[in-house]
Amino acid sequence: MMATANPLLLPLNAALWQETLHWQPSDRQQEQFQRFYGAVLRANQSINLTRITTATDFWEKHLWDSLRGIAPWLLPRSSPWGASIQRVVDIGSGGGFPGVPVAIARPDWQITLLEATQKKVRFLESLPQQLGLSNLRPQWGRAEAHQFTYDLAMIRAVGDLARCCQYGLPRLRPGGILILYRGQWTAPEVNTLNALLPRYHSQLLDVQDFVTPLSHAQRHCLYLQRT
Ligand SMILES: C[S@@+](CC[C@H](N)C(=O)[O-])C[C@H]1O[C@@H](n2cnc3c(N)ncnc32)[C@H](O)[C@@H]1O
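Residues numbered from 1 in each chain as written. Predicted model: local features only at pLDDT ≥ 70, side-chain atom pairs only at ≥ 80, totals over all residues. Heavy atoms only, no water.

## Description of the site of the ligand
Part 1 of the argument: Taken together, 16 residues lie around the ligand, and Gly92, Phe97, Glu115, Glu144 and Arg156 are the ones closest in.
Part 2 of the argument: Within the backbone of Ala116, one N or O atom sits 3.3 Å away from a nitrogen atom of the ligand.
Part 3 of the argument: Contact between the ligand and Lys120: an oxygen atom at 2.9 Å from a side-chain N or O atom of the residue.
Part 4 of the argument: In isolation the ligand offers 600 Å² of accessible surface; the protein chains occlude 80% of this area.
Part 5 of the argument: Structurally, the ligand is housed in the largest pocket.
Part 6 of the argument: By residue class, the composition of the shell around the ligand is six nonpolar, five polar and five charged. (Near = heavy atom within 4 Å. Polar contact = N/O pair within 3.5 Å; in protein donor to acceptor, adjacent residues only side chain to side chain. Areas by Shrake-Rupley, 256 points an atom, 1.4 Å probe, with all protein chains shown as cover. 1 Å grid on protein atoms, 1.4 Å probe; cavity = no way out; pocket = protein on both sides within 12 Å on 5 of 7 lines; lining within 4 Å. Sits in = over half its atoms within 2 Å of the grid points. Nonpolar A, V, L, I, M, F, W, Y, C, P; charged D, E, K, R; others polar.)

## Here we look at the sheet that holds strand 6 (residues 202–211)
Strands pair in a sheet through their backbones, by hydrogen bonds, and they do so in one of two ways: parallel or antiparallel.
Part 1 of the argument: Taking strand neighbours across the sheet as the criterion, the seven strands line up as 3-2-1-4-5-7-6 in an open arrangement whose pairing is mixed. The open sheet terminates on both sides in strands that have one partner only, identified here as strand 3 (136–140) and strand 6. Each adjacent strand pair in this sheet contributes to an overall mean axis angle of 20 degrees, direction not counted.
Part 2 of the argument: Sheet analysis places strand 1 (residues 87–91) next to strand 4 (residues 150–156), joined by four bridges and oriented parallel. By the bridge assignment for strand 4, Val89 is matched with Ala153.
Part 3 of the argument: Relative to the sheet, helix 7 (residues 161–168) contacts strand 1, strand 4, strand 5 (172–182) and strand 7 (218–226), its axis offset from that of strand 5 by approximately 150 degrees. (Pairing = 2+ DSSP bridges. Helix = DSSP H or I, 4+ residues; strand = E, 2+ residues; numbered from the N terminus. Axes fitted to C-alpha atoms, helices over the stretch in contact; angles between N-to-C directions. Contact = heavy atoms within 4.5 Å.)

## Focus on the pairing of strand 7
Consecutive side chains along a regular strand alternate between the two faces of the sheet.
Part 1 of the argument: The element strand 7 is largely enclosed, with a buried count of eight among its nine residues.
Part 2 of the argument: Pairing of strand 6 with strand 7 involves nine bridges; the strand directions are antiparallel. Bridging from a neighbouring strand, Ser202 pairs with Arg226 of strand 7.
Part 3 of the argument: Here strand 6 folds back onto strand 7, and the loop between the two strands holds six residues, one of which, His216, carries a positive phi near 60 degrees. (Buried < 20%, exposed > 50% of the residue type's maximum accessible area, 1.4 Å probe, protein only.)

## Here we look at the pairing of strand 2 (residues 110–115)
Part 1 of the argument: With five of six residues buried, strand 2 lies mostly within the body of the structure.
Part 2 of the argument: Handedness of the crossover joining strand 1 and strand 2 through helix 5 (residues 99–105) is recorded here as right-handed.
Part 3 of the argument: In the sheet, strand 2 pairs with strand 3 via five bridges, with the strands oriented parallel. Bridged to Thr112 within strand 3 is Arg137.
Part 4 of the argument: Following the backbone out of strand 2, through helix 6 (residues 118–131) and into the adjacent parallel strand 3, one traces a crossover that is right-handed. (Right-handed = clockwise from strand over helix to strand, strands pointing away.)

Right, dumping it as structure tokens:
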């Protein structure tokens, strides 16, 4: 692989990955993360992809956070909730989060990056070649009009709970799983969710709350399943 031109090195601390996700990137994956960081920084000069500009923030708030959502699938020989995963969609992918880090970590999954803003899609389309990834499929379009179904859908920072359910759950095959990446999660939201789920023939599998490893911010991942 070509060396990255970006002088800012990510804090790719192997022990931290291992301690927090029980997973470590290979040398190739580390280089792909590094090149992704460089690509986002360069594109961010002309497109608004992220407010994050430091290597540490990028590592924690984008790479680590993206992978925390699929932590149950990073453990060796794990098949959480019995779901076999191949076809994956990141809805409202923006600058490629969480879809691109997930594609790097799981090269055996086929990841569609669905994004409504054309200039962001053009950036996403440049990534397979820049990062040497063959499992990324950027797609310009709106979630509500997207006709395909998936084994796994992921949504981060696209809207409120009702909107995320509306976008994600109809795009799952029976048994498929939706991961919602959330910041704050309040107990009354369970009531909102319980009211929404029957409409989409879905159930709540798990709510995982955690703090991020460096800034100790509170985060949640919700795992929903289409029955
Ligand atoms: C705040 S950004 C979040 C991007 C990324 N998921 C992240 O966590 O950094 C929300 C993105 O969702 C996209 N978006 C909003 N509504 C959408 C829809 N209905 N279908 C597809 N993409 C949508 C926007 O264009 C925007 O890029």
